[in-house]
Amino acid sequence: ITQREVLERTGLRINVENTPRTFDDGSRINENGEFVDANGNVLFQSAMYRNKRTDIKEFTQFVLDNPNNKKSYQTFITKNGISVDLPSDTIIHDDNRHQLTPQEWQEAISALNNIKVISNSARGGVYGTDSVLLRGETDNGKSYAFAIDILPGRNMITTAFSGNANTIDNWIKEKARRPQS
């Protein structure tokens, strides 16, 4: 799948650093990285700070060791130029449900460089926006599933798990937006 196909199919934003910080309806990304309405009210998420740990394994281990710490996130840019944020809440959710290790999180993020299947979700995302479901594959062939919410100026990973390629593809098919007839 080419970068252009990913964008056309899903709306994933490339290089969010160049995304406008104010939108037509007056909503904007404020100085804290929060999406707010024209009056400054936070719309979709609690305030998060960008965690200073740049290594995915260090970041996930920090979150797992400090689950009650202030909400944070880390941004990663794929080889295709797609920027994704991994919030600490996602890591905690995952630890309670899917239990990826810090090493597996590192593999999962690398799998975003090799997207094999992608579809828009039939349900809205966690943050009340559109959501994309995809399967990425690591260089050694391990498959990871993702749900990514598309917010103005940000792509937020809301879940990730590893599994068999066919199982993940069936999960995507089951949750995908159906074409209207």
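Scroll up a little and you will see the structure.
Before going into details, it helps to say that this report is about the structure given with it. (Residues numbered from 1 in each chain as written. Predicted model: local features only at pLDDT ≥ 70, side-chain atom pairs only at ≥ 80, totals over all residues. Heavy atoms only, no water.)

1. Details of the packing of aromatic side chains
- Here the structure, examined in full by the defined rule, presents one aromatic pair.
- Where phenylalanine 161 meets tryptophan 171, the ring centres are 5.1 Å apart and the plane angle is 80 degrees; that geometry is what we call edge-to-face. Of the two residues, phenylalanine 161 sits in strand S9 (residues 154–163) while tryptophan 171 sits in helix H5 (residues 165–175), which places them ten residues apart along the sequence. With respect to burial, phenylalanine 161 and tryptophan 171 carry one shared label: buried.
- The aromatic ring of tyrosine 73 is capped on one face by arginine 154, whose charged end is 4.5 Å from the ring centroid. (Phe/Tyr/Trp six-rings, centres within 6.5 Å; stacked < 30°, edge-to-face > 60°. Helix = DSSP H or I, 4+ residues; strand = E, 2+ residues; numbered from the N terminus. Buried < 20%, exposed > 50% of the residue type's maximum accessible area, 1.4 Å probe, protein only. Lys NZ or Arg CZ within 6 Å of the ring centre and 35° of its normal.)

2. Some words on the nonpolar core
- In this structure, Leu86, Leu112, Leu134, Phe146 and Ile157 are the most contacted members of the largest nonpolar core, which totals 25 residues.
- Not counting the four nearest positions on each side in its chain, phenylalanine 146 is found in contact with Ala108, Ile109, Leu112, Val132, Leu133, Leu134, Ile157, Thr159, Ala160 and Trp171.
- Ranked by size, the runner-up nonpolar core spans seven residues in total, among them Leu133, Ala147, Ile168 and Trp171. (Core = buried A, V, L, I, M, F, W, Y, C linked by side-chain atoms within 4.5 Å. Contact = heavy atoms within 4.5 Å.)

3. Observations concerning empty space enclosed by the protein
- Inspection of every chain in the model, using the stated rule, returns two cavities of 30 Å³ or more.
- Estimates place the volume of the largest cavity at around 50 Å³.
- Every residue along the wall of the largest cavity is listed here: Phe62, Val63, Asn66, Pro67, Asn69, Lys70, Ser72, Ser88 and Ile92.
- Only helix H2 (56–65) and helix H3 (88–97) provide two or more residues apiece to the lining of the largest cavity.
- Looking at the lining of the largest cavity residue by residue, the class counts come to four nonpolar, four polar and one charged. (1 Å grid on protein atoms, 1.4 Å probe; cavity = no way out; pocket = protein on both sides within 12 Å on 5 of 7 lines; lining within 4 Å. Points joined across faces, edges and corners; volume = space filled by probe spheres on them. Nonpolar A, V, L, I, M, F, W, Y, C, P; charged D, E, K, R; others polar.)

4. Concerning the layout of surface pockets
- The calculated volume of the largest pocket comes to roughly 400 Å³.
- As for the largest pocket, its lining consists of 18 residues, of which Arg123, Ala147, Thr159, Trp171 and Lys175 are closest to the centre.
- Mapped by element, the contributors of at least two residues to the lining of the largest pocket are H3, strand S7 (130–137), strand S8 (143–151), S9 and H5.
- Of the residues that constitute the lining of the largest pocket, the class distribution is five nonpolar, eight polar and five charged.

5. Describing the environment of arginine 50
- Tracing the sequence through the fold places arginine 50 in strand S3 (residues 49–50).
- Taking relative accessible area as the criterion, arginine 50 reaches 43% and is therefore assigned partly exposed.
- As for arginine 50 and proline 87, which are separated by 37 residues in sequence, their C-alpha atoms are 9.1 Å apart.

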